[in-house]
Structures are given as structure tokens and as C-alpha cells.
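Commentary on secondary and tertiary structure
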Amino acid sequence: SAFAVPFLFLYIAARGSLDLQGVVLIGSFSVTAYSLEYANQAYDFTEDLAAGVATPAVRLGLRRSLRLAFGMCAVSLPLLAFSLAYLALSRPAVPLALGEGGRWLFALGAVGAVAAGYFLPLRGLARISREAKAADSDSRELVATVHRECNYSLWQASGVTGLAGFALVLSS
């Protein structure tokens, strides 16, 4: 809800109602953000397990939780890029200003902005997921990899910065 509710409120305030485009955009952004949160929760796996705190990493197991985080991100990021481009191109002024050929360039720009913004978290998640796949258990080495690779605040800031950059280009 921390990812979806503020975005939902802003979307409805800006567009006047919630439509399918908004559901896909907000949903894909929220799933992407929560996939990064899964890795962040895995950061405290050892302590949470010892304290009996039932985070997803504790309930699902560290390896499964980390692979799920990467899978969620791998599905939601392309949806986020697609929905961002689709929403932007649905504004009448954008296709008019770009022309027919410019639409593809604009869509590629949206994909590029999402990819650039989420490069750091995706790289970290991929490294952690690769280690989780190779590990035969929820080992200390896997926890050490999570500690080495996971920088949750940088990951979230990086992704949002890419989206904000695209929004600034769109608004000019």
C-alpha cells in the first residue's frame, strides 16, 4: 500500500478517474517496488529467523524469496515501461508533436528511461538471484551476498529517478 496508494491518489487526481492504463501503470510500479522490498527483507533474514519474525524471506525461505523477487521484477519492469510509454502516447499532444515515426522513438525512450533507472537494482537482484540459484541452502554465504549487493534506498532512488527523468522530458 505504501507504493500503490499515493500513486493511485495522484493518478486519479491528474486523470479524473482510474482506467486500465492506470491500473497497469500503478500495479507494475508497485510490484517492481515490492520486489526490491523482498531483497531488503532478505537482508535481515538471519535476525528475523532467530526472532521468529515471519517476513516473506522467513516464510518462503531465503532462496525462494530471492528468486521470487527477481522474477517479480523481471515481469513488472517491462510492464512498467510499456504502460509508461502507452500512457504518454495517449496524450494527444505527444503523438502530434512526434509524428508517426517518432512514436517508436518515444516508446524506446520510455524503455530506456526505465532500464537506466532500474539498472542498479536489476543488476543487484540478478547477482543475488544467481547466487540463490547456485546455493544448496539458505546459507551464510547467501546472506553475505545479500548484504554485499542489496542497497535498498539506492535501488528505490535509482528507479524513481529514471521515471522522474522521463516525466520531466515528457512535460517539456
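1. A short note on the packing of aromatic side chains
Evaluated as defined, the whole model comprises 3 aromatic pairs. When the centroid spacing of 5.4 Å and the interplanar angle of 90° are considered together, the rings of phenylalanine 7 and phenylalanine 29 count as edge-to-face. Highlighted residues: phenylalanine 7 in helix 1 (residues 4–15) and phenylalanine 29 in helix 2 (residues 20–43), separated in sequence by 22 residues. The interplanar angle of 75° and the centroid separation of 5.1 Å between the aromatic rings of tyrosine 34 and tyrosine 38 together place this pair among those described as edge-to-face. Within this pair, tyrosine 34 and its partner tyrosine 38 are both found in helix 2, separated by 4 residues, close to a single helical turn. Residue classification places tyrosine 34 among the partly exposed positions, given a relative accessible area of 31%. The exposure class assigned to tyrosine 38 is buried, which follows from its relative accessible area of 11%.

2. Brief notes about the state of the cysteines
All told, the structure shown has 0 disulfides when counted by the stated rule. Here cysteine 73 is not disulfide-linked; the sulfur of cysteine 150 is the nearest cysteine sulfur, at 12 Å. Judged by relative accessible area, cysteine 73 falls into the buried class, the value being 1%. Residue cysteine 150 is classed as buried on the basis of its relative accessible area, which comes to 9%.

3. Some remarks on the packing of helix 7 (residues 119–134) against helix 8 (residues 140–149)
Two numbers describe how helix 7 lies on helix 8: the axes approach to 10 Å, and their chain directions differ by 175°. On the basis of their axis angle, the class for helix 7 and helix 8 is roughly antiparallel. Note on element contacts: helix 8 touches helix 7 through Leu142, Thr145, Val146 and Glu149, opposite Gly124, Arg127, Ile128, Glu131 and Ala132. Across the contact of helix 7 with helix 8, the residue classes break down as 4 nonpolar, 2 polar and 3 charged.

4. Points about the confidence of the model for the protein
In this model, the protein carries a mean pLDDT of 86, and residues with pLDDT of at least 70 account for 95%. Confidence scores differ between elements of the protein, with helix 6 (residues 93–117) showing the lowest mean pLDDT of 77 and helix 3 (residues 45–51) the highest of 93.

5. Details of the pattern of salt bridges
If you walk through the whole model with that rule in mind, you get 2 salt bridges. Note that aspartate 19 is salt-bridged to arginine 15, the shortest N-O span being 3.2 Å. Here aspartate 19 falls in the partly exposed class, since its relative accessible area comes to 26%. Since its relative accessible area comes to 37%, arginine 15 is described here as partly exposed. Arginine 127 is the salt-bridge partner of glutamate 149, the closest N and O atoms lying 3.4 Å from each other. Linking glutamate 149 in helix 8 with arginine 127 in helix 7, this pair joins segments that are 22 residues apart in sequence. Judged by its relative accessible area of 18%, glutamate 149 falls in the buried class.

6. A look at the nonpolar core
Counting 39 residues, the largest nonpolar core has Leu62, Leu66, Leu80, Val114 and Tyr118 as the members making the most contacts within it. Sorting the residues of this core by element identifies helix 2, helix 5 (62–89), helix 6, helix 7, helix 8 and helix 9 (152–171) as the ones contributing at least two each. Looking at which element gives the most residues to this core, the answer is helix 5, with 11 residues. Leucine 80 has contacts with Leu25, Ser28, Phe29, Thr32, Val114, Tyr118 and Leu163, leaving out every residue within four places of it along the chain.

Reading guide: rules and limits
Residues numbered from 1 in each chain as written. Predicted model: local features only at pLDDT ≥ 70, side-chain atom pairs only at ≥ 80, totals over all residues. Heavy atoms only, no water. Phe/Tyr/Trp six-rings, centres within 6.5 Å; stacked < 30°, edge-to-face > 60°. Helix = DSSP H or I, 4+ residues; strand = E, 2+ residues; numbered from the N terminus. Buried < 20%, exposed > 50% of the residue type's maximum accessible area, 1.4 Å probe, protein only. Disulfide = S-S within 2.5 Å. Axes fitted to C-alpha atoms, helices over the stretch in contact; angles between N-to-C directions. Parallel < 35°, antiparallel > 145°, perpendicular 65-115°, else oblique. Contact = heavy atoms within 4.5 Å. Nonpolar A, V, L, I, M, F, W, Y, C, P; charged D, E, K, R; others polar. pLDDT = per-residue confidence, 0-100. Salt bridge = Lys/Arg side-chain N within 4 Å of Asp/Glu carboxyl O. Core = buried A, V, L, I, M, F, W, Y, C linked by side-chain atoms within 4.5 Å.

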